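Fold and geometry: a report
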Amino acid sequence: MKEKMLTKTPVVCLLTFICCFLWGSAFPCVKIGYGLFQVEASDYASQLLFAGIRFTLAGALTIVIGSIASRKLLRPSRDTVGSVAALALVQTVAQYIFFYIGLANTTGVKSSIIEASSTFFAILIASLIFRYEKLTVRKILGCLVGFAGVVLINLAGSSFEFGMSLTGEGFMVISTISYAFSSVLIKRFSARENPVTLSGWQFFLGGLVLMACGWFMGGRLAAVSPSAVLLLLYLALVSAVAYSLWGILLKHNPVSRITVFGFMNPVIGVVLSALLLNESNQAFSVYGLVSLILVCLGIWLVNRQAKGAAR
């Protein structure tokens, strides 16, 4: 009965929106965190250290909360330790090393658009490599419409120059592919392991690796204050809650049905950035409204296809 509820459209929409809202809030909160900890934009080592501490805490929180809820310690079985390690490498280590370096070498507009393409990659990987579902015209159309909304809200009022560098846009593409693979791997590994267990331990392991990388590269968090610590705990909670919910939904639904909601992330990120950072008013313009409509239409198209599909 519980599994059946997790496939119902209203439940899927609500839970995925919660995930996207939490992830969207992470963009401005990370920038605020850099300011509180006095981390410079060019200080890759400290950024990796910051990310490592965040994800290690996220893993610990997930394990503790999940263990309390299930009344037993969440830990991977001997058969799934390798799955946890693989997921930590792809989802946390590779994704965020390439993300942080790539972001520092390209614009925020390009980064948002490239990151939104993870939905395409996830659906292509699930369909063409792992054969979990069929690639249909409606799914492709839904992705194109949703992607158009992401491009529109990011280009509104911004200058956009064509060009690509390996350590900039190239690294962002690698980061995006890593995230897309992680979505499909969660679907695959959760058939043998609790998604919350996978999420918690891969975050904990991946976070430790990122912390070690940042520390040995010379990264330091210079200023530590109560507000900075609280913000770091919030970011850890964002990852713990959002990825655990996302993993549970991926276990019980087609990959395309869930990942298409990822188009909401940059839209919500722009809105919250406008509110929290006063970066721009593009979120509340005609462009913002049209973008939201396009994203919602893309999500509807993919979910309309999934409604009649086998789950």
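In the block above lies the structure referred to throughout.
Residues numbered from 1 in each chain as written. Predicted model: local features only at pLDDT ≥ 70, side-chain atom pairs only at ≥ 80, totals over all residues. Heavy atoms only, no water.

Observations regarding the overall build of the protein
Along its length, the protein carries 13 helices and 0 strands. Expressed as a percentage of its 311 residues, the buried residues of the protein come to 52%. Excluding contacts between residues fewer than 6 apart, the proportion of contacts in the protein whose partners are at least 24 apart in sequence is 88%. Put simply, the protein shows about 14,400 Å² of open surface, and 69% of that area lies on carbon and sulfur atoms. (Helix = DSSP H or I, 4+ residues; strand = E, 2+ residues; numbered from the N terminus. Buried < 20%, exposed > 50% of the residue type's maximum accessible area, 1.4 Å probe, protein only. Contact = heavy atoms within 4.5 Å. Areas by Shrake-Rupley, 256 points an atom, 1.4 Å probe, with all protein chains shown as cover.)

Quick look at the packing of aromatic side chains
On inspection of all chains with the given rule, the structure shows 11 aromatic pairs. Relative to Phe21, the ring of Phe17 has its centre 6.4 Å away and its plane inclined at 35°; by these criteria the two rings are tilted. Residue Phe17 and its partner Phe21 are located together in helix α2 (residues 9-36), separated by 4 residues, close to a single helical turn. Between Phe37 and Phe50, the aromatic rings sit 5.7 Å apart at their centres with planes inclined by 70°, giving edge-to-face as the arrangement. Of this pair, Phe37 sits in the loop between α2 and α3 (44-70) while Phe50 sits in helix α3; the two residues are 13 residues apart in sequence, bridging distant segments of the chain. By the burial criterion, Phe37 is buried, and Phe50 matches it. Here Arg220 stacks its cationic end above the ring of Trp215, 3.7 Å away from the centre of that ring. (Phe/Tyr/Trp six-rings, centres within 6.5 Å; stacked < 30°, edge-to-face > 60°. Lys NZ or Arg CZ within 6 Å of the ring centre and 35° of its normal.)

Topic: a nonpolar patch on the surface
Taken together, the side chains of Leu124, Leu128, Ile129, Leu135, Ile140 and Leu144 present a nonpolar region at the surface, about 510 Å² in accessible area. Secondary structure elements with two or more residues in the nonpolar patch: α6 (118-129) and α7 (137-155). In terms of residue count, α6 provides more of the nonpolar patch than any other element does, 3 residues in total. Leu128 sits in the partly exposed class, given a relative accessible area of 47%. (Patch = residues over 30% accessible without salt bridge, like charges linked within 9 Å, V, L, I, M, F, W, Y side chains within 5 Å. Salt bridge = Lys/Arg side-chain N within 4 Å of Asp/Glu carboxyl O.)

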